[in-house]
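# Descriptive structure summary
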Amino acid sequence: MTETFLRLPAVKKRTGFESSQIYKLIKQGKFPKQIYLGPQSVAWLESEVSDWMKERIRLSRNEEQG
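Residues numbered from 1 in each chain as written. Predicted model: local features only at pLDDT ≥ 70, side-chain atom pairs only at ≥ 80, totals over all residues. Heavy atoms only, no water.

### Considerations on the pattern of salt bridges
Rules: In what follows, salt bridge is the name for a side-chain nitrogen of Lys or Arg lying within 4 Å of a carboxyl oxygen of Asp or Glu. Secondary structure counts use DSSP, requiring at least four H or I residues in a row for a helix and at least two E residues in a row for a strand, with both numbered from the N terminus. Exposure classes here rest on a 1.4 Å probe applied to the protein chains alone. A residue is buried below 20% of its type maximum, exposed above 50%, and partly exposed in between.
Considering all chains together, one arrives at 3 salt bridges under this definition. Of the charged contacts in the structure, one is a salt bridge between Glu55 and Arg58, with a shortest N-O distance of 2.7 Å. Separated by 3 residues within a single helix, Glu55 and Arg58 lie in helix α3 (residues 46-65), roughly one turn from each other. Residue classification places Arg58 among the partly exposed residues on the basis of a relative accessible area of 41%.

Next comes the structure, spelled out in structure tokens:
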């Protein structure tokens, strides 16, 4: 399986969150951690962000049924 890195602008676009919200969720352990690519460069694994989104959808759908 080939992994794809997502930079912050792509993560923001996919989630609809601002940078501060993404980093807050990471700190709380509620969002995938970034991967350090260099001294001032980070990215996220596309698969982890996608899995996180799928889980949010699943939880939301289960709450509607409950």
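This is not the end of the story, as more comes after the structure.
### Some thoughts on the packing of helix α1 (residues 8-15) against helix α2 (residues 19-27)
Put simply, the test is: Interaxial angles span 0 to 180 degrees and are taken between N-to-C directions of axes, which are lines fitted to C-alpha atoms, for helices over the stretch in contact. Roughly parallel here means an angle under 35 degrees, roughly antiparallel means over 145, roughly perpendicular means 65 to 115, and every remaining angle is called oblique. Whether two residues are in contact is decided by their heavy atoms, any of which lying within 4.5 Å being enough. As a working rule, the residues Ala, Val, Leu, Ile, Met, Phe, Trp, Tyr, Cys and Pro are called nonpolar, Asp, Glu, Lys and Arg charged, and the rest polar, with Gly in that last group.
Remark: α1 packs on α2, axes separated minimally by 10 Å, with the N-to-C direction vectors making an angle of 90°. Comparing the axis directions of α1 and α2 gives the class roughly perpendicular. Across the interface between the two elements, Leu8, Val11, Lys12 and Thr15 of α1 pack against Ser19, Ile22 and Tyr23 of α2. Its residues placed into classes, the contact of α1 with α2 shows 4 nonpolar, 2 polar and 1 charged.

### Topic: the packing of aromatic side chains
The geometry of an aromatic ring pair is captured by the separation of the ring centres together with the interplanar angle, meaning the angle of the planes. Applicable threshold: We call Phe, Tyr and Trp rings a pair once their centres come within 6.5 Å, taking the six-membered ring for Trp, and we label the pair stacked below 30 degrees between planes, edge-to-face above 60, and tilted otherwise.
For the structure on display, the rule yields 3 aromatic pairs. Here the aromatic rings of Phe17 and Trp52 are separated by 6.0 Å at their centres, their planes lie at 70°, and the arrangement is edge-to-face. With Phe17 in the loop between α1 and α2 and Trp52 in helix α3, this pair connects stretches of sequence that are 35 residues apart. Residue classification places Phe17 among the partly exposed positions, given a relative accessible area of 25%. A ring pair is formed by Phe31 and Trp52, whose centres lie 4.8 Å apart and whose planes are at 70°; its orientation type is edge-to-face. Here Phe31 is found in the loop between α2 and β2 (35-38), whereas its partner Trp52 is found in helix α3, with 21 residues between them in sequence. A relative accessible area of 13% means that Trp52 is categorised as buried. One aromatic cluster is present, built from ring pairs that chain together Phe17, Phe31 and Trp52.

### Side note on the nonpolar core
Generally speaking, soluble globular proteins have nonpolar side chains that are buried together. Spelled out, the test is: Among buried residues, those of type Ala, Val, Leu, Ile, Met, Phe, Trp, Tyr and Cys that are joined through side-chain atoms within 4.5 Å constitute a nonpolar core.
Core analysis: the biggest nonpolar cluster contains 10 residues, these being Leu6, Val11, Ile22, Leu25, Ile26, Phe31, Val42, Trp44, Val49 and Trp52. Looking at this core, the elements with two or more residues in it are α2, β3 (41-45) and α3. Residue contributions to this core peak at 3 residues, all from α2. Residues in contact with Trp52, not counting those within four places in the same chain, are Thr15, Phe17, Leu25, Lys30, Phe31 and Pro32.

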